[in-house]
Amino acid sequence: MGAATETFYSVIRRQGITRRSFHKFCSLTATSLGLGPLAASRIANALETKPRVPVIWMHGLECTCCSESFIRSAHPLVKDAVLSMISLDYDDTIMAAAGHQAEAILEETRTKYKGQYILAVEGNPPLNEGGMFCIDGGKPFVEKLKMMAEDAMAIIAWGACASWGCVQAAKPNPTQATPIDKVITNKPIIKVPGCPPIAEVMTGVVTFITTFGKLPELDRQGRPKMFYSQRIHDKCYRRPHFDAGQFVEEWDDEAARKGYCLYKMGCKGPTTYNACSTVRWNGGVSFPIQSGHGCIGCSEDGFWDKGSFYDRLTNIKQFGIEKNADQIGMVAAGAVGAAVAAHAAVTAVKRLASKREDAKQDH
């Protein structure tokens, strides 16, 4: 039986995994994806009956941080994803094959599984000088990308590099590094941004596609809503301090020791959509804000060109609940007074205009 025609269930059973452990895995997977209680049985059925999906993982201009994150997934474990859930036929970073042998795998997968494999792309292609700033197997990476994308079922753009361009595309972008969706325009593309993306977000996307045979619901920017529908700010455990107007003013001050909000220190959580504050990192242990550093907004488009990571956002409105009633009352009274004055002025103007119109008619 071919590697890609085996099911996940047949592979793990051969490895000695019990059916009880299999169903426990399906339940935990459904929970990690935020799916309903009935999803566990659907996942189990899919993994028992559907063949493993062939995956080609290619690398362009990048630092390999996405791969480094992926291999640290706690649930599902990356060994389950790579060795059982999918058929990872090509990844030049972790595969044993090299040179002509590795290149032959690309052509074989493209021919044998035409329209059935997923193309996962880490990094982006540089287009300047005919793509000569990134050569892979003796060819410009952009050529290999287009070739493999032509017969792919769908494309996953791993990380900020593939999704937005990241630091390679930062101004002045001398290599003309370009996001995947600007090069491949005729295939469905799911963007999983971040520098790097959270490990469980990456394996969660793979699990969803493997289970349901389709892409998860995407937002208008092409990101999976299950992980990118809320701002980090919305679920941040320091949010009450933001609402209370309690901020860290400088590193290691008393407010920092008390865990106050890092907004004034440049935290980009209020404008960044990601699952850091819920899924967290390193098996759910922590995330940057919990470790005392503000969010740098690495999952948002163009974050390298939006100024210093420590520049305070200036367009975020807040309401400090620690203000006393007199302060709030004076502001409210002032606002009401201004509104009354404005209304009176408009009424006077209308009456004057009406009198002039009546005078004209009398003449």
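Residues numbered from 1 in each chain as written. Predicted model: local features only at pLDDT ≥ 70, side-chain atom pairs only at ≥ 80, totals over all residues. Heavy atoms only, no water.

### Let's talk about the pairing of strand E3 (residues 118-122)
To keep things clear, this is the line we draw: Partly exposed describes any residue whose relative accessible area lies between the buried limit of under 20% and the exposed limit of over 50%, with all areas from a 1.4 Å probe on protein chains only and scaled to the type maximum. What counts as a helix is a DSSP run of H or I of at least four residues, what counts as a strand is a run of E of at least two, and both are numbered from the N terminus. Pairs of strands are assigned from DSSP output, requiring at least two bridges between the strands.
Counting buried residues along E3, five of its five residues qualify, which places the element largely inside the surrounding structure. Side-chain alternation along E3 places Ile118, Ala120 and Glu122 on one buried face and Leu119 and Val121 on a second face that is also buried. Taken together, the five bridges between strand E1 (residues 53-59) and E3 define a ladder with parallel strand orientation. Within the sheet, the bridge partner assigned to His59 lies in E3 and is Glu122. By the bridge criterion, five bridges tie E3 to strand E6 (residues 154-158) in an arrangement that is parallel. By the bridge assignment, Leu119 is partnered in E6 with Ile155.

### Some points on the side chain of Asp136
Inspection of the secondary structure puts Asp136 in strand E4 (residues 135-136). Exposure remark for Asp136: the relative accessible area of 13% places this residue in the buried category.

### Re the confidence of the model for the protein
Quick reminder of the rule: By definition, pLDDT measures how confident the predictor is in each residue, and it falls between 0 and 100. Here, two residues are considered to be in contact whenever any of their heavy atoms come within 4.5 Å of each other.
In the predicted model, the protein carries a mean pLDDT of 85, and the fraction of residues at 70 or more is 82%. Throughout residues 324-329 the model reports pLDDT below 50, and contacts reaching past four residues in sequence, or to other chains, amount to two contacts.

### Considerations on helix H6 (residues 99-112)
We count it as follows: To estimate how far a helix should reach, multiply one less than its number of residues by 1.5 Å. The arc in question is formed by the directions pointing from the helix axis toward the C-beta atoms.
End to end, H6 covers 20 Å across 14 residues, agreeing with the expected 20 Å (1.5 Å per residue, within 8%). Among the residues of H6, those classed as buried are Ala102, Leu106, Thr109 and Arg110. Along the axis of H6, the buried residues cluster in a sector spanning 100°; they form a single face. Every exposed residue of H6 that faces more than 90 degrees away from the buried side is listed here: His100, Gln101, Thr111 and Lys112. Contacts from the buried residues of H6 go to E1, strand E2 (86-91) and helix H7 (141-150).

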